[in-house]
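So you can see what is in the structure, the chains are spelled out below.
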Amino acid sequence: MIRALFKVRRTQFWSLASALVFAIILTGNNGFAHDPKKNPVATKIFSNLSQPTQTRASAIGSYAKGCLAGAEQLPFNGPNWQVLHPQRKRNWGHPETVALVKRVSKAAADIGWTGLFIGDISQSRGGPMPYGHRSHQIGLDVDIWLTQPRKLGLTNEELKAIKPISVRAKNGKKTNANWTTEHMDILKVVASDEAVDRVFITAPAKIAMCQNAEGDRSWLQKIRPLGGHHQHFHVRLHCPKHSTDCIPQTPSITKISQSADGCDHTLEWWVTTALAPYKKPAKPAKKRPAKRSTLDFTMKDLPKQCLSVIHAD
């Protein structure tokens, strides 16, 4: 009986050991394995992956439903930039995104700023995040803060003390005294970059630029109004040439704009109707199925290529 019990326990030991080895093989140094039987939420998987894949860079899927292979890390500190929230470890992006950040940070310095505070880009392998964003999943989105750095190379404690400014007036209809011509100059550089698809910012800032921009105004078409975005602007890049599994955003900027510079009557909606108090409709609207949150995504919801991304070395 003792010998039989020993055999059972020895079998259990090797089963456990085999499972552990399998998990290590799957995760490498990233500390998390995807067990399809348990089907965990994708946010848990991707937020636990600390290193990128050692493969060619590729943005996979759409901006709000995808992943990233071969990500490049933007250093926390650079000659003209600093990552504002290093503890989040969201300073990974497609190499074209990292290159863009370096270009526009240099341009900001040339304009007269010390540089730029950089917000979230993506996780080391992209994918859904446990908080903060629906998009930023394929390494082609980056947030840039509207707060002008007084100096760079700040310590973590100094970064925590940074209070982001808002460029929107309290009534939500105009810009406030924090808005400057330098902001517009920086946004012009960003929107004029060929790698950029569109830039999201609060509507009052777009309206202010429409009123004051001179000369070639074609870059303004890429500046799109969006709720929030009064403390930072959100840059979205085109799908890179070699990212064949990347899905472009639709409709395109040229199709969604009603003028060559996007300075048309639709801007008025953002500072009038959009700000009006909610009125309950007299006739209840027909209930529609609730849209699935990215927080609930599992690997089954993402492009099939993302399974290879989370399991790759």
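Details of the structure are given in the entry above.
This report concerns the structure included in the present document. (Residues numbered from 1 in each chain as written. Predicted model: local features only at pLDDT ≥ 70, side-chain atom pairs only at ≥ 80, totals over all residues. Heavy atoms only, no water.)

Quick look at the layout of surface pockets
To find leftover empty space, one rolls a probe the size of a water molecule over the atoms.
For step 1, the next point in the chain: The space that makes up the largest pocket amounts to roughly 470 Å³.
For step 2, the next point in the chain: As for the largest pocket, its lining consists of 21 residues, and the residues nearest its centre are Tyr63, Ala64, Arg134, Ser135 and Thr294.
For step 3, the next point in the chain: Of the residues contributing to the lining of the largest pocket, the split by class is five nonpolar, nine polar and seven charged.
For step 4, the next point in the chain: Volume-wise, the second largest pocket comes out at about 240 Å³.
For step 5, the next point in the chain: In this structure, the second largest pocket is lined by 17 residues; those nearest its centre are Ser47, Leu49, Ser50, Arg88 and Lys89. (1 Å grid on protein atoms, 1.4 Å probe; cavity = no way out; pocket = protein on both sides within 12 Å on 5 of 7 lines; lining within 4 Å. Points joined across faces, edges and corners; volume = space filled by probe spheres on them. Nonpolar A, V, L, I, M, F, W, Y, C, P; charged D, E, K, R; others polar.)

Section: helix H5 (residues 181-192)
For step 1, the next point in the chain: When the terminal C-alpha atoms of H5 are compared, their 16 Å separation across 12 residues agrees well with the 16 Å that a helix rising 1.5 Å per residue should span.
For step 2, the next point in the chain: When H5 is considered as a whole, its buried residues turn out to be His183, Met184, Ile186, Leu187, Val190 and Ala191. For H5, the arc enclosing every buried residue in end-on projection is 160°, short of the 170-degree limit, so these residues lie on one face. (Helix = DSSP H or I, 4+ residues; strand = E, 2+ residues; numbered from the N terminus. Expected span 1.5 Å × (residues − 1). Buried < 20%, exposed > 50% of the residue type's maximum accessible area, 1.4 Å probe, protein only. Arc of directions from axis to C-beta.)

Here we look at helix H6 (residues 203-212)
For step 1, the next point in the chain: Most of H6 is tucked away, with eight of its 10 residues classed as buried.
For step 2, the next point in the chain: Of all the residues in H6, the buried ones are Ala203, Pro204, Ala205, Lys206, Ile207, Ala208, Met209 and Cys210.
For step 3, the next point in the chain: For H6, the elements touching its buried residues are H5, strand S8 (196-201), strand S9 (223-225) and helix H8 (266-270). (Contact = heavy atoms within 4.5 Å.)

Here's the deal with the environment of alanine 42
For step 1, the next point in the chain: Turning to its location among the elements, alanine 42 is positioned in helix H2 (residues 42-47).
For step 2, the next point in the chain: Judged by its relative accessible area of 0%, alanine 42 is buried.
For step 3, the next point in the chain: For the pair alanine 42 and aspartate 301, spaced 259 residues apart in the sequence, the C-alpha separation amounts to 8.8 Å.
For step 4, the next point in the chain: Alanine 42 has contacts with Pro128, Phe297, Thr298, Met299 and Leu302, leaving out every residue within four places of it along the chain.

As for the environment of proline 95
For step 1, the next point in the chain: Along the chain, the position of proline 95 falls in helix H3 (residues 95-111).
For step 2, the next point in the chain: Put simply, proline 95 and proline 240 are 145 residues apart on the chain and 9.6 Å apart in space, counted from C-alpha to C-alpha.
For step 3, the next point in the chain: If near-sequence neighbours (up to four positions away) are discounted, proline 95 is found in contact with Ala57, Gly70 and Glu72.

Examining the environment of glutamine 54
For step 1, the next point in the chain: Its place among the elements puts glutamine 54 in the loop between H2 and strand S1 (58-62).
For step 2, the next point in the chain: Put simply, glutamine 54 and alanine 69 are 15 residues apart on the chain and 7.9 Å apart in space, counted from C-alpha to C-alpha.
For step 3, the next point in the chain: For glutamine 54, the side chain forms a polar contact with the main-chain oxygen of proline 52, separated by 3.5 Å. (Polar contact = N/O pair within 3.5 Å; in protein donor to acceptor, adjacent residues only side chain to side chain.)

Geometric descriptors of this kind do not, in isolation, establish any biological role.
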